[in-house]
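# Report on the structure
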Amino acid sequence: MTALLDASGITKAFAGVRAINEVSVMVDRGERVGLIGPNGAGKTTLFNCILGVIRPDAGRVVLDGNDISSLAVHERARLGIGRTFQRIELFLETTVRDHLLVAERVRQGHGSVWRDLLGRGRPSRDELAATDRMLELLGLVTLADEPIEQLSLGQGRLVEVARALMTRPSLLLLDEPSSGLDGSETTDLAATLRAVQSESGFAMLLVEHDVELVSTFTDRCYVLDFGKLIAAGPTAATLADPHVRAAYFGTTPEAS
Amino acid sequence: MLIAAAVLDDVLRGVLQGVPPGSVYAIIAVGFVLAYKTSGVFNLAFGAQAFVSAALFFHARTAWGWPSWLAFVVSVVVVAPAIGVALERLVFRHLPTDAALAKLVITIGLSVALPSLFELIVGFEPVAGRTPEGLLPGGAEVFYDVAGIYSFSRNELTSMVIAVVAVAGLGALFRFSPLGLQMRATVESPRLTELAGVRSDGVAAFAWALSSLFAGLAGVLIAPRFNTLAAPDFFNLVVVAVTAAALGRLVDLPRALVGGVSLGITISLVQTFLPRVAEHAAWLTPIQENVTSAIPFLALFALVLGSRTLRSGRDHVDPLSGVSPPPPPPAAMSRSPLLTRATLIAGVVFFAVVGLVVFTSADAQWMFLVTQTVILSIVFLSVTVITGFAGQISLCQGAFAAIGGFTVFQLADRFDVNVMAAVFVGAAIAAAVAGLLAVPLVRLGRVWVAIATLAFAAFFDAVVVKLPFVGGGATSLLQGTRVPRPAIGPVDLGDDRHLLAVALVVLGITALAVRRLRDGTTGRMLAAVRASELAGQSIGISATRSGVTAFAISGFVAGLGGGLLSIQQQNVNYATNFSPYAALFWVVVVVSLGVRTVEGASHAAAGFALTDPLLFSGVLLAWMLRSPDSVPDVFPLSPKWRFVMFGLGTIAFAKHPEGLVENGKRTAHRRVEQLLARRRSAPGGAPPSGSNTALARPHPPSAAAEASP
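About the cut-offs
- Residues numbered from 1 in each chain as written.
- Chains lettered and ligands numbered in written order.
- Predicted model: local features only at pLDDT ≥ 70, side-chain atom pairs only at ≥ 80, totals over all residues.
- Heavy atoms only, no water.
- Helix = DSSP H or I, 4+ residues; strand = E, 2+ residues; numbered from the N terminus.
- Buried < 20%, exposed > 50% of the residue type's maximum accessible area, 1.4 Å probe, protein only.
- Contact = heavy atoms within 4.5 Å.
- Areas by Shrake-Rupley, 256 points an atom, 1.4 Å probe, with all protein chains shown as cover.
- Core = buried A, V, L, I, M, F, W, Y, C linked by side-chain atoms within 4.5 Å.
- Domains from an automatic or database assignment.
- Pairing = 2+ DSSP bridges.
- Axes fitted to C-alpha atoms, helices over the stretch in contact; angles between N-to-C directions.
- Buried area = accessible area lost by both parts, 1.4 Å probe.
- Salt bridge = Lys/Arg side-chain N within 4 Å of Asp/Glu carboxyl O.
- Polar contact = N/O pair within 3.5 Å; in protein donor to acceptor, adjacent residues only side chain to side chain.
- Nonpolar A, V, L, I, M, F, W, Y, C, P; charged D, E, K, R; others polar.
- pLDDT = per-residue confidence, 0-100.
- Phe/Tyr/Trp six-rings, centres within 6.5 Å; stacked < 30°, edge-to-face > 60°.
- Lys NZ or Arg CZ within 6 Å of the ring centre and 35° of its normal.
- Patch = residues over 30% accessible without salt bridge, like charges linked within 9 Å, V, L, I, M, F, W, Y side chains within 5 Å.

This part covers the overall build of chain B. The secondary structure content of chain B amounts to 32 helices and four strands. Taking all 709 residues of chain B together, the buried fraction comes to 54%. For chain B, contacts bridging at least 24 residues in sequence account for 76% of all contacts bridging at least 6. Summed over its atoms, the accessible surface of chain B is roughly 29,500 Å², and 67% of this surface lies on carbon and sulfur atoms.

Here it is in structure tokens:
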């Protein structure tokens, strides 16, 4: 069976500097994979190449056996890549439920102007039920009709996750979900994600600084440094690798 | 050989001829870039500032009889920079650094308000056909021959010399004085500069003064090229400036300079050689006749389409922008369903009462005004769709509406088509044009959409309108663009009452459709992309597709209104109704009164059509006082106050993007709810619960506030 995501040989240079060099990453169905590395290692660039925000100079991105290298961001999203943002991106001036409704609509492909004009643009009972289920799953029920501006950062992250999950992704990319959250909020988020995953079975690729979160949350992880993949494998073993420790924690293999 | 020499001669002449206007364009471009670089303000009011200096110079010379040097010193060296400093201190300093859209809207408002304010204060009236004089006496009559190829007039020579001096001075300032260095540093990051012990505020004010000085200089220099000194011509200068500045990607001063000069030369060369080609291709004639407006548009479009860096380029971001306080949450964030219902009922009742009064007892003039308000409400709904829902500033709504008007004129005039059917054909054509125009545009940033639509409006105004199959060509000079008001079945459009009824029905259907779009998938997708394009795409929304859809819908609605307006006035009246400058004011009125709601368009239409005859004429006051004699002498006020009022009203957009009227309604609604809640929580009453808790509770820090890295 092929992997869910197979990004191979991804290379991207900015003004002659190789931000990432021939990096390959694979994610299987239902897996939790971490992607770590020090600042400037190229994590975000790789992430953006997988999502289509940046077009790599070389390399292929294959999702579920289909080459999606030439597709735009929104086309990749429709094929099953969901994401959250490091600096959260919410739809201001709408409510929490609106976030989920619009995602549900897009997933159904009901974008017709004529439908709206005929008065069938209002949320149907099924759609409301679907959003209710998601709100419940993520513990957002009490916030359903709150304007998004009133939410705390932690709640905002949950809304992002809920919005991404409404598109029923097969792969969820999480961009530093712990940034700006304190320890207990991070633990809560991880627990929620795990619980939701056990229901829906999507895979997760997590870009993260918080080594503790990565070590407890992911099965496998990749380590990037200076645009190159320096290690990959089961999380615990990889994090113990002296080269990884050298790159990440600044301790040289000799010293340790 | 001989032919080649003659062509070379023509080329040289074309180049020399292009340098003087080119040097003025360079001044404009440099001044424009200076303001944009130092404050991030894309100053569309630049042309208005140039107009104020030019008009003051002209007025001081002719009406007050000042000597040229004094008029120059006062208008360019004193007043122009003073306006710049005032704008920076009073308006732009107080805006958050990332409020790009608000800044754009405000400068659009200022470009409407400033000229009128000046004209009111000084008592200046543009006089048609009075060509402004140049700095030196006999500027247009004295010529200096250059090697037998081209003779520069004294005005042209002055422009070139002043441009060289101004640019050299700016270069020296940047290179040799600490201020230049501080300014360059402020451009990179105001906050880092402050950390180094420089007051970036002061630097910004200085940059604005300098930029405005350039505006004034350009105004005085370019004025002799116009045969009438009027604000709209100066507004069109902005298109030229932006194009030249765009060549330098908006931030590169030397390249903007080169861009300005080469634009002048290009226009001049095309003016030299295009007539020879146009002899064989008739369709080129309108372009040839209006090259100055056509070239910037074409150049800008080529830039937008051709330059990858421009398309993908994001705005310059201050490395320390994260430390700035987060934008304040909108004063009234969400609209309660109760308020929606209340305004709907109030609106229906109000319309019913006004309709009853108008239908039964209005005279022809009031009938006209009310019908105009209703039709303008339709036109303004197009602004609601594109700016309110999609968050894009389109400055060519006038062109879309004019397409509707001209289609009705052409179809009725040539093919004797039923005018009501023609209105819908016109709307469909406008939708198609808008959609096509949007395809290359919507992938750009919002600032670029505003500029490109402005350029399109200028192009439409200068070229498309002149085409015989659009504006009627030569025949329209004789008989105008007449539109009949025939009887169609039981409806006699010639009867004012019937026309009003038709307009009301169309408005009702359009308003309902726009409401449904807003509440349906289309509106939700637009709201998503408006707030965050990236997040919208991440759930599968195509930003391009929803942008094109919004433009097409907006074009359709504008075309619909434009067609009806031409039926009502029995003439397209392009120059009065739809010229780019007139349509600019539409955006200003709608944005300052309420751009997010459907009824906001009606408020704006009423404000647009009725402020003058109702408020400024003193009619309303007289009615309230019950005696026309006790109305104070200040009435009737000049209709120009309308431009000042709504133009300055856009400044509120930064704080209340939902509009002044809408904000007022929400605030009033909240007050009432708070009052009710207090009464209920009084002894014996039930504690506040449900929807009231959100209002009573102190607001937690917003998600957006904490999201700053």
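Now that the structure has been shown, we can carry on.
All right, on to the nonpolar core then. Counting residues in hydrophobic clusters, the biggest one holds 202 residues, and the most contacted among them are Phe42, Phe234 and Phe380 of chain B. If you count residues domain by domain, this core takes at least three from each of domain 1 (7–278) and domain 2 (379–665) of chain B. If we ignore the near neighbours within four places in the chain, the residues touching Phe380 of chain B are Trp586, Val590, Ala601, Ala604, Ala605 and Phe608 of chain B. Phe91, Ala130, Phe202 and Met204 of chain A belong to the second largest nonpolar core, which has 53 residues in total.

Moving on to the sheet that holds strand S4 (residues 58–63) of chain A. All names here are of chain A. Strands sit in the order S2-S1-S4-S5 across an open sheet of four strands; the sheet is antiparallel. For this open sheet the edge positions go to strand S2 (17–27) and strand S5 (66–67), each flanked by a neighbour on one side alone. In the packing of helix H1 (residues 43–51) onto the sheet, the strands contacted are strand S1 (5–14), S2 and S4, and the crossing angle to S1 comes to about 120°.

Counting through the fold element by element, Ala164 of chain A comes out in helix H6 (residues 153–166). The spacing of Ala164 of chain A and Ala13 of chain A is 151 residues in sequence and 29 Å in space, taken between C-alpha atoms.

This part takes up the interface of chain A and chain B. Taken together, the contact between chain A and chain B spans 43 residues of the former and 42 residues of the latter. Buried surface at the junction of chain A and chain B, summed over both partners, amounts to about 3,600 Å²; 61% is from carbon and sulfur atoms. The largest share of the area that chain A buries against chain B comes from Glu93, Asp116 and Gln150 of chain A, three residues that together contribute 17% of it. Run the count over chain A and chain B and you get four salt bridges. Measuring nitrogen to oxygen at the nearest pair gives 3.0 Å for the salt bridge that ties Asp98 of chain A to Arg524 of chain B.

Time to look at unusual backbone geometry. All names here are of chain A. Backbone geometry at Glu22 places phi at a positive 50°, although glycine is not the residue there. Among the secondary structure elements, Glu22 is positioned in strand S2. On the basis of relative accessible area, Glu22 is assigned to the exposed category, the value being 59%. Within the chain, Glu93 stands out as a residue other than glycine whose phi angle is a positive 70°.

This part covers the pattern of salt bridges. Going through the model one piece at a time under the given rule, you end up with 22 salt bridges over all chains. Here Arg105 of chain A and Glu127 of chain A are joined by a salt bridge, their closest N and O atoms 2.7 Å apart. Taken together, the positions of Arg105 of chain A in helix H3 (residues 96–108) and Glu127 of chain A in helix H5 (residues 125–137) put the pair 22 residues apart, joining distant regions of the chain. The burial state of Arg105 of chain A is the same as that of Glu127 of chain A; both residues are buried. Among the charged side chains, a salt-bridge network with shared partners connects Glu93 of chain A together with Arg530 and Arg596 of chain B.

So, on to the environment of Ala342 of chain B. Residues and elements named next belong to chain B. Within the secondary structure, Ala342 sits in helix H14 (residues 337–361). Given a relative accessible area of 40%, Ala342 falls into the partly exposed group. Once the C-alpha coordinates of Ala342 and Leu437 are considered, the two residues, 95 residues apart in sequence, prove to be 39 Å apart.

Residues and elements named next belong to chain B. Splitting chain B by domain gives domain 1 (7–278) and domain 2 (379–665). Taking only C-alpha atoms into account, the centre of domain 1 sits 31 Å from that of domain 2. Listed as interface residues are 30 residues of domain 1 and, on the opposing side, 27 residues of domain 2. Counting the surface lost from both domain 1 and domain 2, the interface buries some 2,600 Å², and carbon and sulfur atoms represent 86% of this. Considering only the surface of domain 1 that becomes buried against domain 2, Leu101, Val112 and Leu120 emerge as the three largest contributors, covering 21% of it. Applying the counting criterion to the domain 1 and domain 2 interface returns two salt bridges. A salt bridge links Lys640 to Glu125, with the shortest nitrogen-to-oxygen separation between them at 2.8 Å. Inspection of the region where domain 1 meets domain 2 yields three residue pairs in polar contact (both at pLDDT 80 or more). If you list the elements that add at least two residues to the side of domain 1 that touches domain 2, you get helix H4 (100–122) and helix H9 (231–247). Ranked by the residues each element gives to the side of domain 1 that touches domain 2, the list is headed by H4, at 16 residues. Residues of the side of domain 1 that touches domain 2, tallied by class, amount to 25 nonpolar, three polar and two charged.

Next up on the list: the sheet that holds strand S10 (residues 228–234) of chain A. Residues and elements named next belong to chain A. Taken in spatial order, the six strands line up as S6-S7-S8-S3-S9-S10 in an open sheet, and their pairing is mixed. Two strands in the sheet have a free side with no partner beyond their single neighbour: strand S6 (81–83) and S10. If you compare each strand with its neighbour and ignore which way they point, the axes differ by 20° on average. Of the strand pairs in this sheet, strand S3 (residues 32–36) and strand S8 (residues 203–207) are connected by four bridges, and their pairing is parallel. Each bridged residue has a counterpart across the sheet, and for Leu35 the counterpart in S8 is Val207. On top of the sheet, helix H7 (residues 183–200) reaches S3, strand S7 (171–175) and S8; it is set at about 155° to S8, its chief contact.

This brings us to the confidence of the model for chain A. The share of residues in chain A with pLDDT of 70 or more is 96%, and the mean pLDDT across the chain is 87. Within chain A, S6 of chain A carries the highest mean pLDDT (93), whereas helix H10 (residues 242–249) of chain A carries the lowest (78).

Moving on to the side chain of Thr186 of chain A. Residue and element names in this part refer to chain A. Relative to the assigned elements, Thr186 resides in helix H7. For Thr186, a relative accessible area of 8% corresponds to the buried category. Each residue touching Thr186, except ones within four places of it in the same chain, is listed here: Ser178, Leu181, Asp210 and Leu213.

It is worth spelling out the packing of aromatic side chains at this point. The description of two aromatic rings rests on the distance between their centres and on the angle between their planes. Counted according to the given criterion, the structure contains 22 aromatic pairs over all chains. Taking the centre distance of 6.1 Å and the plane angle of 45° together, the rings of Phe118 of chain B and Phe124 of chain B count as tilted. Accessibility classification places Phe118 of chain B together with Phe124 of chain B in one group, the buried group. Three or more aromatic residues link up through ring pairs in this structure, and these residues are Phe380, Phe578, Phe585, Trp586, Phe608, Phe643 and Phe646 of chain B. A cation sits over an aromatic face here: Arg163 of chain A above Phe91 of chain A, 4.7 Å from the ring centre.

Where nonpolar side chains cluster on the molecular surface, the patch consists of Trp69, Val73, Val77 and Val78 of chain B and spans about 380 Å² of accessible area. If you trace the backbone, Val78 of chain B turns up in helix H3 (residues 68–90).

So, on to the confidence of the model for chain B. Residue and element names in this part refer to chain B. On average, chain B scores 81 in pLDDT, and the residues at 70 or more come to 88%. Least confident of the elements in chain B is helix H31 (residues 693–696), whose mean pLDDT is 35; most confident is helix H24 (residues 543–569), at 94. Scored below 50 in pLDDT, residues 312–332 makes 29 contacts in the model with residues more than four places away or belonging to other chains. Contacts for the low-pLDDT stretch residues 685–709, under 50 throughout, to residues beyond four places or in other chains number 40 contacts. Prediction confidence for the complex, expressed as pTM and ipTM, is 0.88 and 0.90 respectively.

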